[in-house]
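Chain residues, written in single-letter form:
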Amino acid sequence: MSKISIIGQISEIDREIKMREQLYPREVQSGRMKKEFAEMAMERIYAIRETLVFCQENRAGFVEYMAAKKAGTA
């Protein structure tokens, strides 16, 4: 598996969110999906996006921590 950048991962999750935002209401309306399941699934995918954005925004701190840990100073 190739390495995928955090920006690429956020882009993909944004695409998935848009797709689900269009699909889930139709699935609920037709009775193929329960509203509670759709809401839970959307909460989860929004949380995934928030985690990825947090990681991107705090990348420098993560890199610094890992370097210190590798050097034995963390």
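In what follows, the accompanying structure is described. Everything numeric in this text was worked out from a predicted model, so none of it was measured. (Residues numbered from 1 in each chain as written. Predicted model: local features only at pLDDT ≥ 70, side-chain atom pairs only at ≥ 80, totals over all residues. Heavy atoms only, no water.)

### Let's talk about the nonpolar core
General note: in soluble globular proteins, nonpolar side chains tend to be found buried as a group.
Point 1. Ranked by size, the top nonpolar core spans eleven residues in total: Ile10, Ile13, Ile17, Tyr24, Met33, Ala38, Ala41, Met42, Ile45, Leu52 and Val53.
Point 2. When residues of this core are traced back to their parent elements, those giving at least two are α1 (6-30) and α2 (35-57).
Point 3. If you tally residues by element for this core, the top one is α2, at six residues.
Point 4. Each residue touching Leu52, except ones within four places of it in the same chain, is listed here: Ile6, Gln9, Ile10 and Ile13. (Core = buried A, V, L, I, M, F, W, Y, C linked by side-chain atoms within 4.5 Å. Buried < 20%, exposed > 50% of the residue type's maximum accessible area, 1.4 Å probe, protein only. Helix = DSSP H or I, 4+ residues; strand = E, 2+ residues; numbered from the N terminus. Contact = heavy atoms within 4.5 Å.)

### Focus on α2
Point 1. With 23 residues, α2 extends 33 Å from end C-alpha to end C-alpha; this agrees with the ideal 33 Å at 1.5 Å per step.
Point 2. Those residues of α2 that sit buried are Ala38, Ala41, Met42, Ile45, Leu52 and Val53.
Point 3. If you follow the buried residues of α2, they end up packed against α1. (Expected span 1.5 Å × (residues − 1).)

Just distances and angles here, no functional claims.
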